[in-house]
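Listed here are the chains, written in short residue letters.
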Amino acid sequence: QVQLVESGGGLVQAGGSLRLSCAASGRTFSTYTMGWFRQAPGKEREFVAAISWSGGHIAYAASVKGRFTISRANAKNTVYLQMNSLKPEDTAVYYCAAVDSAQVVTTVDEYDYWGQGTQVTVSS
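Residues numbered from 1 in each chain as written. Predicted model: local features only at pLDDT ≥ 70, side-chain atom pairs only at ≥ 80, totals over all residues. Heavy atoms only, no water.

Observations regarding the sheet that holds strand β8 (residues 78–83)
So, step 1. Overall, antiparallel pairing links the four strands, which are arranged β1-β3-β8-β7 in an open sheet. Of all strands in the sheet, those bounded by a partner on one side alone are β1 (2–7) and β7 (68–73). Sheet twist, expressed as the mean angle between neighbouring strand axes with direction ignored, is 15°.
So, step 2. Sheet topology places β1 next to strand β3 (residues 18–26); six bridges connect them, and they run antiparallel. Paired with Gln-3 across the bridge in β3 is Ser-25. (Pairing = 2+ DSSP bridges. Helix = DSSP H or I, 4+ residues; strand = E, 2+ residues; numbered from the N terminus. Axes fitted to C-alpha atoms, helices over the stretch in contact; angles between N-to-C directions.)

This is the structure:
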């Protein structure tokens, strides 16, 4: 089993930045694709970004491309989401997820492991 724990959420003003971290433990981490998803009240969980096990393939949702950056540090089993130029519409609970795949995966139902989520609130 894989355990994922997110951290770094908080309250920021529009235009500000925040860096989320996801620490993974348990099963071998290096072959996993890691993804970030978010869910706002009354909405479905949506894809934000994903990075392959090698770090060579990255995907972003159109709404965050150019503002968010996903990266991973396999030596310490951690994936990051750097969020810049935050907007009120970015407000949501952000979840880290993992799946044993060498390619990027962008759909919720294909991920096998999930963290507990961390709240990100962006004020206008």
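Don't stop here, the text continues.
A short note on the nonpolar core
So, step 1. Core analysis: the biggest nonpolar cluster contains 37 residues, and Leu-4, Met-34, Trp-36, Leu-81, Met-83 and Tyr-94 have the highest contact counts within it.
So, step 2. If you list the elements that add at least two residues to this core, you get β1, β3, β4 (33–39), β5 (46–51), β7, β8, β9 (92–99) and β11 (118–123).
So, step 3. When residues in this core are grouped by element, the largest group, six residues, is from β9. (Core = buried A, V, L, I, M, F, W, Y, C linked by side-chain atoms within 4.5 Å. Buried < 20%, exposed > 50% of the residue type's maximum accessible area, 1.4 Å probe, protein only.)

Considering the pairing of β11
So, step 1. Covered by surrounding structure in β11 are Thr-118, Val-120 and Val-122 only, the residues Gln-119, Thr-121 and Ser-123 on the alternate face being uncovered.
So, step 2. Sheet topology note: the strand β2 (residues 10–13)/β11 ladder contains four bridges and is parallel. In the strand pairing of β11, Val-12 is matched with Val-122.
So, step 3. The pairing of β9 with β11 spans three bridges and is antiparallel.

Focus on the packing of aromatic side chains
So, step 1. Under the criterion given, the structure shown has five aromatic pairs.
So, step 2. An aromatic cluster is present here, built from Phe-37, Phe-47, Tyr-111 and Trp-114 joined pairwise through their rings.
So, step 3. Between Arg-45 and the ring centre of Tyr-95, over which it is positioned, the NZ or CZ distance is 3.7 Å.
So, step 4. Over the ring of Trp-114 we find Arg-45, and its NZ or CZ is 4.9 Å from the ring centre. (Phe/Tyr/Trp six-rings, centres within 6.5 Å; stacked < 30°, edge-to-face > 60°. Lys NZ or Arg CZ within 6 Å of the ring centre and 35° of its normal.)

Some details on the environment of Gly-66
So, step 1. As for its position among the elements, Gly-66 is in the loop between β6 (58–60) and β7.
So, step 2. Take Gly-66: its relative accessible area is 78%, and that puts it in the exposed class.
So, step 3. Between the C-alpha atoms of Gly-66 and Ser-85, which are 19 residues apart in sequence, the distance is 9.3 Å.

Honestly, that's just the spatial picture; any functional story needs more than this.
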